[in-house]
Number of protein chains: 2
Amino acid sequence: MAENEKRVDWRELREFTAAVFNRAGVPRDDADTEAEVLVWANLRGVDSHGVLRIPWYVENLDTGVMNPTPQIRVRKETPATVLIDADRALGPVVTVMAMRRVVEKARNVGVGWGLIRETTHQGAMAYYPLMAAEEGMAGIASVCSPPNMAPFGARAAGVHNSPIAIAAPGNDRNLVLDMATSVVAGGKLDLAIDKGQRIPLGWALDPEGNPTTEPRRPNILLPAGGPKGSGLALMFECLSSLMVGNPLLEPSLSGVKEMQRGIQNSFIAAVDVAAFTDADEYRRNVDRLIKAQKELPAAEGVDEVMVPGEPEDRTYGDRIENGIPLPQGTAANLRSIASRFDVPLPSGL
Amino acid sequence: MAENEKRVDWRELREFTAAVFNRAGVPRDDADTEAEVLVWANLRGVDSHGVLRIPWYVENLDTGVMNPTPQIRVRKETPATVLIDADRALGPVVTVMAMRRVVEKARNVGVGWGLIRETTHQGAMAYYPLMAAEEGMAGIASVCSPPNMAPFGARAAGVHNSPIAIAAPGNDRNLVLDMATSVVAGGKLDLAIDKGQRIPLGWALDPEGNPTTEPRRPNILLPAGGPKGSGLALMFECLSSLMVGNPLLEPSLSGVKEMQRGIQNSFIAAVDVAAFTDADEYRRNVDRLIKAQKELPAAEGVDEVMVPGEPEDRTYGDRIENGIPLPQGTAANLRSIASRFDVPLPSGL
């Protein structure tokens, strides 16, 4: 932990976050859900998707991009699928609701496939497939937003660096992958800015489309694995935005529609293990798979082979016990939010 | 086209391929399906998954790894899902059958999710999601086999370089992404061997886990995007092999079971556009999306921004008209196969 960081108890931080959203006009239950997902990201060390974003969320609530009291509606439904209109709800509010519904469908017919139209920022995507894993299912979640990444071969933003998260249930731990389709997530640029560091060539282009080592917004992210990362991103737009009749990439590129950064469309899925095989045996097989991966010889300079989600699980253990470290900048932002909404700060902040 | 390559008419090559499989004990209809999928890969320029593999398939039929006359059985089924036991069928035979079933389910309940247990090599995965696209649906297909790729941070094979293919229907063209989770597909090494070429550093490790430029089997492939490629590969084992109760990675790593390279488990899906949005509008949106991508400014040294599947579509047009070029090594292998099975060679081979 850096010396200028403060450690804050996660329960207090969650209560604070919920109170802020509540005062900003969000009903208490929904504010609790939002706080749960944000502080969970911090607990797992994914600080770029945690309480650091509260000021940005509040701004989006102020300007009406995010809707504190949405009319969330099921537009289409079958025994296996559901299309939900989020009405610009806070992402965690609608996505938790949608994931529950999809899990229920998977319980009945083996798979549940959900589409969410016009949600807003969903936080750390891993949260949702892990809801399925907690129910003994595999889970999948992805999302598309307006362009921020150059497709392979282009020197301008043309796709979003859409993340995908996939989870599978184990006994010792649930496996969960949560990856952006860019070489690095946008938050890594923010971190470099905060630290006054340069970034390696190959992470991003400058706004004019030239390779750069300077971490700036709005740099253009570069795709992981070249055509693979940008290919996935493009297909995720087809599976989410086009599937809900709300394209985000093309209208933004052609200038037809001004795109708001917080708006996104999402697809989620749950696959019930018990519909296909013995659920206990599945969990044991996940445990065995993890063990076998960890026993592989490590590459030179690597201490230990890690499975997806493992570094985050370790951070979680530490932060549950020792608190969540918040950098000075974040702490200052939260203090001014507290003062605006007259909400008590967590101890030590 | 290299000077030492011969151009062969695709119809003759398909007839030849079907005849070979038929003589090797595969019923004529199934041999036709196998030939269709293999020559389709060649037509699209994916030579690593085309007729180059015939000798290897024949060897697998000889040794009983691949079953020419399988008892393909539906083991579990719901309105939205199906679990099929392939009985080591030729991959294309069982996967085409499974994809049809999954498309039918998607037609009824919006999504179809299929699992195939113990299939064998499926050829170019793009073929299957494109079957869904032809029906106005998005399609997904992935697969897991025994380890051939090093997980990020390891210096030994621990995962398979599981490909994923995703397709979406358009009017001008269907979009289709087909990517291995390794930096390059294993077939690219075979091709380099057939062409007598070296490979770039970063594609693979040698069997001892050291970087290499020599294309050999069994080299260890390296994951695309580091932890992203190997993370996806690990999750695909959870979504396919563990879901059908037939783990391939861990038993192979722990030495519990000797793993046969041609054996694999697969998951496939179809999502019916019409269950969620207007199908015509969806196709128009795919067209617009492609157009917008192609209008992006190209990076230095790049002639043209290409969308997923576009280079293959162009090769397809050329090869339908001008024939499929076969390198000398492949031609020689096919000649000895022709002589073994007493099957007439395509003209010019």
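Rules behind the numbers
Numbers given to residues run from 1 along each chain, matching the order in which its sequence is written. Written order decides the labels, with chains lettered from A and ligands numbered from 1. Two thresholds apply to this predicted model, a pLDDT of at least 70 for residue-level local features and 80 or more for giving and counting side-chain atom pairs, whereas whole-chain, interface and lining totals are computed over all residues. The side-chain figures draw on all heavy atoms in the structure; neither hydrogens nor water molecules are used. Under the scheme used here, helices are H or I runs from DSSP no shorter than 4 residues and strands are E runs no shorter than 2 residues, and both carry numbers assigned from the N terminus. Values of the radius of gyration come from C-alpha atoms, whereas the globule rule sets the reference at 2.2 Å times the count of residues to the power 0.38. A simple rule labels every residue: compare its accessible area, found with a 1.4 Å probe on the protein chains alone, to the largest value its type can have, and call it buried under 20%, exposed over 50%, or partly exposed in between. Residue contacts are counted whenever heavy atoms from the two residues lie within 4.5 Å of one another. Methods summary: accessible areas were calculated by the Shrake-Rupley approach with a probe of 1.4 Å, and residue burial reflects only the protein chains presented. When a carboxyl oxygen of Asp or Glu is within 4 Å of a side-chain nitrogen of Lys or Arg, the pair counts as a salt bridge. Pairs were defined over the aromatic rings of Phe, Tyr and Trp, the Trp ring being its six-membered one, requiring ring centres within 6.5 Å. Orientation was assigned from the angle between planes: stacked under 30 degrees, edge-to-face over 60, tilted for the rest. Throughout, buried area stands for the accessible area (probe radius 1.4 Å) lost by two parts on being put together, summed over both. Here a polar contact is recorded for every N or O atom pair within 3.5 Å, except that within protein the pair must consist of a potential hydrogen donor and a potential acceptor, and residues adjacent in sequence are included only if both atoms are side-chain atoms. Any residue that is not Ala, Val, Leu, Ile, Met, Phe, Trp, Tyr, Cys, Pro, Asp, Glu, Lys or Arg is counted as polar, Gly included; the first ten are nonpolar and the last four charged. Here the copies are superposed with least squares, the fitted atoms being C-alpha atoms of residues at a pLDDT of at least 70 in both. Only strands joined by at least two bridges in the DSSP assignment are considered to pair. To obtain an axis, a line is fitted to C-alpha atoms, over the contacting stretch when the element is a helix, and the angle between two such axes runs from 0 to 180 degrees between their N-to-C directions. Here the term right-handed applies to a crossover when the path leading from its first strand over the helix to its second strand runs clockwise, the strands being oriented away from the viewer. Multiplying 1.5 Å by the helix residue count minus one yields the expected span of that helix. Using only the protein atoms, space was sampled on a 1 Å grid; points where a 1.4 Å probe fits but cannot get out form cavities, open sets with protein on both sides within 12 Å along at least five of seven lines form pockets, and lining residues are those with an atom within 4 Å of a point. Grid points are joined across faces, edges and corners, and a volume is the space filled by probe spheres set on the points. Every residue carries a pLDDT, the predictor's confidence in it, which falls somewhere between 0 and 100.

Undergrad: In this structure, what is going on with the overall build of chain A? I would like to understand it.
TA: Within chain A, the regular secondary structure consists of 11 helices and 11 strands. The C-alpha radius of gyration computed for chain A amounts to 20 Å, which stays within 12% of the reference 20 Å derived for 349 residues, consistent with globular compactness. For the C-alpha atoms alone, the extent of chain A along its principal axes is close to 50 × 50 × 45 Å. Counting only residues that meet the buried cut, chain A has 58% of its 349 residues in that class. By sequence separation, contacts in chain A at least 24 residues apart represent 65% of the contacts at least 6 residues apart. Roughly 13400 Å² of accessible area belongs to chain A as shown, and the carbon and sulfur atoms make up 46% of that amount.

Undergrad: Mind showing me how you'd approach the pattern of salt bridges here?
TA: Pairs can form between side chains of opposite charge once their charged atoms are near each other. All names here are of chain B. This structure, assessed with the given rule, holds 44 salt bridges over all chains. Its salt-bridge partner being Asp318, residue Arg7 comes within 3.3 Å of it at the nearest N-O pair. Placement of Arg7 in strand 1 (residues 6–8) and of Asp318 in helix 10 (residues 310–322) is noted, with a sequence separation of 311 residues between them. Judged by its relative accessible area of 30%, Arg7 is partly exposed. Judged by relative accessible area, which is 30%, Asp318 ranks as partly exposed. With a closest N to O distance of 3.0 Å, Arg314 and Glu310 form a salt bridge.

Undergrad: How should the packing of aromatic side chains be read in this particular structure?
TA: Each aromatic ring pair is characterised by the separation of its centres together with the angle its planes make. Counting across every chain of the model gives 13 aromatic pairs over all chains. Plain terms: the ring middles of Trp113 of chain B and Phe267 of chain B are 5.4 Å apart, the flat faces sit at 10° to each other, and that makes the pair stacked. Here Trp113 of chain B is found in strand 4 (residues 111–120), whereas its partner Phe267 of chain B is found in strand 10 (residues 263–272), with 154 residues between them in sequence. The exposure classification of Trp113 of chain B matches that of Phe267 of chain B, with both residues buried. Every member of this aromatic cluster is reached through a ring pair, and the members are Trp113, Phe236 and Phe267 of chain A together with Trp113, Phe236 and Phe267 of chain B.

Undergrad: Looking at this structure, I do not really get the interface of chain A and chain B. What am I missing?
TA: When the parts of a complex come together, some accessible area is lost, and that lost area is often taken as the interface size. The interface is formed by 74 residues belonging to chain A together with 74 residues belonging to chain B. In this assembly, chain A packs against chain B so that about 5900 Å² is buried in total across both faces, 78% of it on carbon and sulfur atoms. The tally of links from chain A across to chain B stands at 0 salt bridges. At the junction of chain A with chain B, the criterion picks out 16 residue pairs in polar contact (both at pLDDT 80 or more). When the residues that make up the side of chain A that touches chain B are grouped by side-chain class, the tally is 57 nonpolar, 11 polar and 6 charged.

Undergrad: How should I be thinking about the relation of the copies chain A and chain B in this particular structure?
TA: The operation linking the two copies of the chain is a rotation about an axis combined with a translation along the axis. For the pair chain A and chain B, the best superposition has an RMSD of 0.8 Å and corresponds to a rotation of 180° with a translation of 0.0 Å parallel to the axis. Read as a symmetry element, the transformation amounts to a two-fold axis. Rotation axis and chain A: the residue whose C-alpha lies nearest the axis is Gly225 of chain A, separated from it by 2.7 Å. When the interface residues of chain A are mapped onto chain B, 100% of them are again interface residues, pointing to one common binding face.

Undergrad: Quick question: what am I supposed to make of unusual backbone geometry here?
TA: Only a minority of non-glycine residues have a phi that is not negative, and only a minority of peptide bonds are not trans. Residues and elements named next belong to chain B. One non-glycine residue, Arg88, adopts positive backbone phi at about 60°. Note that Arg88 resides in the loop between strand 3 (81–85) and helix 4 (91–109). Of the residues examined, Arg88 reaches a relative accessible area of 24% and is grouped as partly exposed. Here the phi dihedral of Glu118 falls at roughly 55°; this positive angle occurs in a residue that is not glycine.

Undergrad: What's the story with the sheet that holds strand 6 (residues 164–168) of chain A in this structure? I'm lost.
TA: Strands pair in a sheet through their backbones, by hydrogen bonds, and they do so in one of two ways: parallel or antiparallel. Residue and element names in this part refer to chain A. Strand order in the open sheet formed by 7 strands is 2-3-4-10-5-6-7, and the pairing between neighbours is mixed. Of all strands in the sheet, those with a lone pairing partner are strand 2 (73–77) and strand 7 (175–179), marking the two edges. Here the strands of the sheet are splayed against their neighbours by 15° on average, with no regard to which way each runs. Where strand 3 (residues 81–85) lies against strand 4 (residues 111–120), 5 bridges are found, and the strand directions are parallel. Considered in strand 4, the bridge of Val82 is made with Gly114. Most of the contacts of helix 4 (residues 91–109) go to strand 4, to which it runs at about 165°, and overall it touches strand 2, strand 3, strand 4, strand 5 (137–144) and strand 10 (263–272).

Undergrad: Would you take a moment to explain the side chain of Thr17 of chain B for this structure?
TA: Residue placement: Thr17 of chain B occurs in helix 1 (residues 10–23). Each residue touching Thr17 of chain B, except ones within four places of it in the same chain, is listed here: Ala35, Leu38, Val39, Val51 and Ile54 of chain B.

Undergrad: Just to check I follow, could you spell out the pairing of strand 3 of chain A for this structure?
TA: A regular strand carries its side chains on alternate faces of the sheet. All names here are of chain A. Counting buried positions along strand 3 yields 5 of 5 residues, so the element is predominantly enclosed. The alternating pattern of strand 3 places Thr81, Leu83 and Asp85 and Val82 and Ile84 on opposite faces, both of which are buried. The sheet contact formed by strand 2 and strand 3 spans 4 bridges and is antiparallel. Each residue of the ladder has a partner; that of Val74, found in strand 3, is Ile84. Counted along the chain from strand 2 to the antiparallel partner strand 3, the turn is 3 residues long. Chirality of the crossover, the property in question, places the unit of strand 3, helix 4 and strand 4 among those that are right-handed.

Undergrad: So what exactly am I meant to see when it comes to the sheet that holds strand 10 of chain B here?
TA: The 7 strands lie next to each other as 2-3-4-10-5-6-7 (chain B), forming an open sheet whose pairing is mixed. The sheet is open, and its two borders are formed by strand 2 (73–77) and strand 7 (175–179) of chain B, each paired with just one other strand. Within the sheet, the average angular offset between the axes of one strand and its neighbour, ignoring direction, is 15°. Here helix 7 (residues 227–239) of chain A sits on the sheet in contact with strand 5 (137–144), strand 6 (164–168) and strand 7 of chain B, set at roughly 140° to strand 7 of chain B. Across the sheet, helix 7 (residues 227–239) of chain B is in contact with strand 4, strand 5, strand 6 and strand 10 of chain B; its angle to strand 5 of chain B comes to roughly 95°.

Undergrad: Is there a simple way to explain helix 9 (residues 279–294) of chain B in this structure?
TA: Residues three or four positions apart in an α-helix share a direction because the helix packs 3.6 residues into each turn. Along its 16 residues, helix 9 of chain B runs 23 Å from first to last C-alpha, staying within 8% of the 22 Å computed at 1.5 Å per residue. Every buried residue belonging to helix 9 of chain B is among Tyr282, Asn285, Val286, Asp287, Leu289, Ile290, Ala292 and Gln293 of chain B, and all of these are buried. On its buried face, helix 9 of chain B sits against helix 7 and helix 8 (249–254) of chain A together with strand 6 and strand 7 of chain B. Put simply, Asp278 of chain B is the residue that caps the front of helix 9 of chain B, since its side-chain oxygen is 3.2 Å from the backbone nitrogen of Asp280 of chain B.

Undergrad: Just to check I follow, could you spell out empty space enclosed by the protein for this structure?
TA: In this approach a probe as big as a water molecule rolls over the atoms, and the regions it shows empty are the leftover space. The final tally for this structure, using the stated rule, is 3 cavities of 30 Å³ or more. In this structure, the largest cavity encloses a volume near 170 Å³. In this structure, the largest cavity is lined by 16 residues; those nearest its centre are Ile140, Ile164 and Phe236 of chain A together with Ile140 and Ile164 of chain B. For the lining of the largest cavity, the elements supplying multiple residues, two or more each, are strand 6 and helix 7 of chain A together with strand 6 and helix 7 of chain B.

Undergrad: What should I look at first to understand the confidence of the model for chain A in this one?
TA: One rule of thumb: low pLDDT means the predicted coordinates there are not for detailed reading. For chain A, per-residue confidence averages 95 on the pLDDT scale, and 99% of positions sit at 70 or higher. The ipTM, which scores confidence in the relative placement of chains, is 0.97 for this predicted complex, and the corresponding pTM is 0.97.

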